[in-house]
Amino acid sequence: MNSREAERTWGLEVYPKRELTLVRGSGAEVWDDRGRRYLDCVGGIGVASVGHANPAVARAIAEQARTLVTCPGIFYNDRRAELLEKLVSIAPPGLTRAFLCNSGAEAVEAALKFARLATGRPGIVSAMRGFHGRTMGALSATFRKDYREPFAPLVPGFSFVPFGDADKLRRTVDDQTAAVLLEPVQGEGGVRPAKPGYLHAVRAACDEVGAMLILDESQTGFCRTGRMFACEHHGVEPDLMCLAKAIAGGVPMGAVLAGDRLPPLIGKHGTTFGGNPLACAAALAAIRFMEDERLAERAEERGARFRDRISRKLPARVRAVRQLGLMIGVELRERCRPTLERLMEGGVLALPAGSTVIRLLPPLVITEAQVDEVVDVLVAALAR
Ligand SMILES: Cc1ncc(COP(=O)(O)O)c(C=O)c1O
């Protein structure tokens with residue numbers, strides 16, 4: 001039985017699969033089981049920012065695996081201590097502590113609980129087209145009906161406002177609102193960056209009613225948008241920030257960064273794996289690599305290069321290109337699935353974001369020549 005048959009036979013599939021078995025990666029490239037090379041603009045869905053098989057991350061994982069893999073939060077640990085200090089040192093100034101977990105959805109769950117605990121209020125306001133994960137709390141803040149409805153009843157107290165409409169948000173939040181939860185760039189919802197001024201207005205609306213602002217930077221964090229965190233584009237500081245995906249160079253990890261507004265959390269939340277030394281060692285190596293290699297600047301440059309190149313030969317089927325750093329959405333005037341398949345035939349892997357948007361989240365180590373190759377293959381795929 002080959003890998004595809006085995007996964008189909010033994011797996012409980014939750015994703016529609018592509019006919020491709022990936023077995024190896026290096027930088028921005030991956031290879032299938034037949035030795036064919038692809039440029040990887042899926043990047044583990046925005047995870048592989050420091051590149052596949054990053055040598056510094058691989059070294060850190062191997063060394064930590066020989067030293068201590070697991071250490072629950074009931075004990076102190078040297079690697080965890082180092083990572084917590086590092087995270088706080090790179091965070092926006094008001095965020096002074098971090099909680100470590102294992103995924104984006106877990107980070108969102110924790111942030112929702114922390115906000116309810118801190119305010120004593122039930123209400124959570126999130127955005128239409130927003131995505132925050134598949135667990136029950138995170139799903140309650142996620143907009144797509146087809147993701148939510150089969151699992152009703154979800155958690156009570158959640159409501160949605162149009163993303164970008166500050167007036168509507170101001171009219172929605174009140175003294176029962178624990179938090180407003182937003183992505184600075186909506187990822188799954190079609191790669192839609194917050195307009196200038198919007199997050200400031202949201203911050204002010206939260207302050208007016210005493211609600212917390214939670215920014216979900218699971219996808220936008222760690223240099224993806226050309227800054228360490230996307231909120232830096234806006235100069236807005238959240239009360240809680242959710243992190244995941246690229247944080248640990250591909251090893252599963254999530255985090256919530258918080259300010260001083262939280263009450264004591266002991267006994268109120270927990271996680272067996274969260275903050276394990278293996279993931280912490282990987283995260284430390286990944287973050288050091290991001291800093292040493294100036295990946296934020298690189299993402300900004302390479303993203304601008306992509307936009308510049310594609311704009312010169314924009315195919316008629318493209319309605320809009322939205323881009324912040326290397327978080328790129330190419331909205332088509334038609335469904336994107338056939339183009340994604342033609343891209344794969346041409347050697348480029350990409351994602352959908354909704355039914356008409358092609359989403360590109362390449363490793364931030366992608367070279368200029370590789371960016372040009374992605375543009376050429378995309379233009380060719382859209383010309384056919
Ligand atoms: C903004 C955002 N939040 C949360 C999640 C959920 O993360 P995970 O799949 O690690 O649970 C995602 C995943 O795509 C995301 O993009």
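Residues numbered from 1 in each chain as written. Predicted model: local features only at pLDDT ≥ 70, side-chain atom pairs only at ≥ 80, totals over all residues.

What follows concerns the overall build of the chain. Counting secondary structure elements, the chain contains 13 helices and 17 strands. A globule of 384 residues ought to have a C-alpha radius of gyration of about 21 Å, and the chain, at 20 Å, matches this closely. Based on the C-alpha atoms only, the size of the chain along its principal axes is roughly 55 × 55 × 45 Å. Expressed as a percentage of the 384 residues in the chain, the buried residues total 49%. Taking all contacts inside the chain whose residues are at least 6 apart in sequence as the whole, residues at least 24 apart take part in 73%. (Helix = DSSP H or I, 4+ residues; strand = E, 2+ residues; numbered from the N terminus. Rg over C-alpha atoms; globule rule 2.2 N^0.38 Å. Buried ≥ 20, exposed ≤ 12 C-beta atoms within 10 Å, placed from the backbone. Contact = placed C-beta atoms within 7 Å.)

Now for the pairing of strand E11 (residues 240–243). Alternating residues of E11 divide into Leu240 and Cys242 and Met241 and Leu243, and every residue in both groups is buried. The pairing of strand E10 (residues 212–216) with E11 spans 3 bridges and is parallel. Paired with aspartate 216 across the strands is cysteine 242, a residue of E11. Note that E11 and strand E12 (residues 254–258) share 4 bridges and pair antiparallel. Within E12, the position partnered with leucine 243 by the bridge is alanine 255. (Pairing = 2+ DSSP bridges.)

The interhelical angle for the contact between helix H3 (residues 55–65) and helix H10 (residues 277–292), taken along N-to-C directions, is 155°, at an axis separation of 8 Å. Classed by the angle they form, the pair H3 and H10 counts as roughly antiparallel. Once H3 is placed against H10, the crossing between them reads as right-handed. Of the residues in H10, those in contact with Ala56, Val57, Ala60, Ile61, Gln64 and Ala65 of H3 are Pro277, Leu278, Ala281, Ala282, Leu284, Ala285, Ala286 and Phe289. (Axes fitted to C-alpha atoms, helices over the stretch in contact; angles between N-to-C directions. Parallel < 35°, antiparallel > 145°, perpendicular 65-115°, else oblique. Left-handed = near helix turned anticlockwise from the far one by under 90°.)

Here we take up the domain arrangement of the chain. Split into domains, the chain comes out as domain 1 (3–53 + 294–383) and domain 2 (56–292). The distance between the C-alpha centroids of domain 1 and domain 2 comes to 25 Å. Across the contact, 25 residues belong to domain 1 and 27 residues belong to domain 2. If you tally residues by element for the side of domain 1 that touches domain 2, the top one is helix H11 (residues 295–312), at 5 residues. Taken together, the residues of the side of domain 1 that touches domain 2 sort by class into 14 nonpolar, 7 polar and 4 charged. (Domains from an automatic or database assignment. Nonpolar A, V, L, I, M, F, W, Y, C, P; charged D, E, K, R; others polar.)

Turning next to the environment of threonine 177. Tracing the backbone through its elements, the reader meets threonine 177 in strand E7 (residues 177–182). Sequence separation of threonine 177 and alanine 115 is 62 residues, and the distance between their C-alpha atoms is 9.5 Å. Ignoring anything within four residues of it in the chain, the contact list for threonine 177 reads Arg121, Gly123, Val125, Val209 and Ala211.

Before going further, it helps to examine the packing of H11 against helix H13 (residues 368–383). At a minimum axis distance of 10 Å, the contact between H11 and H13 shows a crossing angle of 35°. Considering the relative orientation of H11 and H13, their crossing is right-handed. On the side of H11, the interface is formed by Arg302, Arg305, Phe306, Arg309 and Ile310, while H13 contributes Glu368, Val371, Asp372, Val375 and Leu378. Partitioned by chemical class, the residues of the contact of H11 with H13 number 5 nonpolar, no polar and 5 charged.

What follows concerns the site of the ligand. Neighbouring residues of the ligand: 15 residues in total, closest Ser103, Gly104, Ala105, Gly133 and Ser218. The element that contributes the greatest number of residues to the shell around the ligand is helix H5 (residues 104–119), accounting for 3 residues. Residues belonging to the shell around the ligand are distributed by class as follows: 5 nonpolar, 7 polar and 3 charged. (Near = placed C-beta within 6 Å.)

Let us look at the sheet that holds strand E4 (residues 97–101). With mixed pairing, 7 strands are arranged side by side in an open sheet as E4-E12-E11-E10-E7-E5-E6. The open sheet is flanked by E4 and strand E6 (158–161), the only strands paired with a single partner. Each strand of the sheet is rotated relative to its neighbour by a mean of 20°, with strand direction disregarded.

It is worth spelling out unusual backbone geometry at this point. In this structure, proline 153 follows alanine 152 across a cis peptide bond, with omega equal to 0°. Relative to the helices and strands, proline 153 is located in the loop between helix H7 (145–148) and E6. For arginine 129, which is not a glycine, the phi torsion comes out positive at approximately 70°. Mapped onto the secondary structure, arginine 129 falls in the loop between strand E5 (123–127) and helix H6 (136–140). Classification of arginine 129 as buried rests on a count of 21 C-beta atoms within 10 Å. The phi angle at phenylalanine 222 is positive, at roughly 60°, despite the residue not being glycine. Within the fold, phenylalanine 222 resides in the loop between E10 and E11.

Glancing now at the environment of valine 23. In this fold, valine 23 is placed in strand E1 (residues 22–26). A count of 11 C-beta atoms within 10 Å places valine 23 in the exposed class. As for valine 23 and glutamine 176, which are separated by 153 residues in sequence, their C-alpha atoms are 50 Å apart. Every residue in contact with valine 23, bar those within four places of it in the chain, is listed here: Trp31, Asp32 and Asp33.

The next point concerns helix H4 (residues 78–90). For H4, built from 13 residues, the straight-helix expectation of 18 Å at 1.5 Å per residue is met to within 8% by its first-to-last C-alpha distance of 19 Å. Listed in full, the buried residues belonging to H4 are Arg79, Arg80, Leu83 and Leu87. Down the axis of H4, the buried set is contained in an arc of 95°. They therefore lie on one face. Along H4, the residues that are exposed and aim more than 90 degrees away from the buried face are Ala81, Glu85 and Ser89. On its buried face, H4 sits against H3, E4, E12 and H10. (Expected span 1.5 Å × (residues − 1). Arc of directions from axis to C-beta.)

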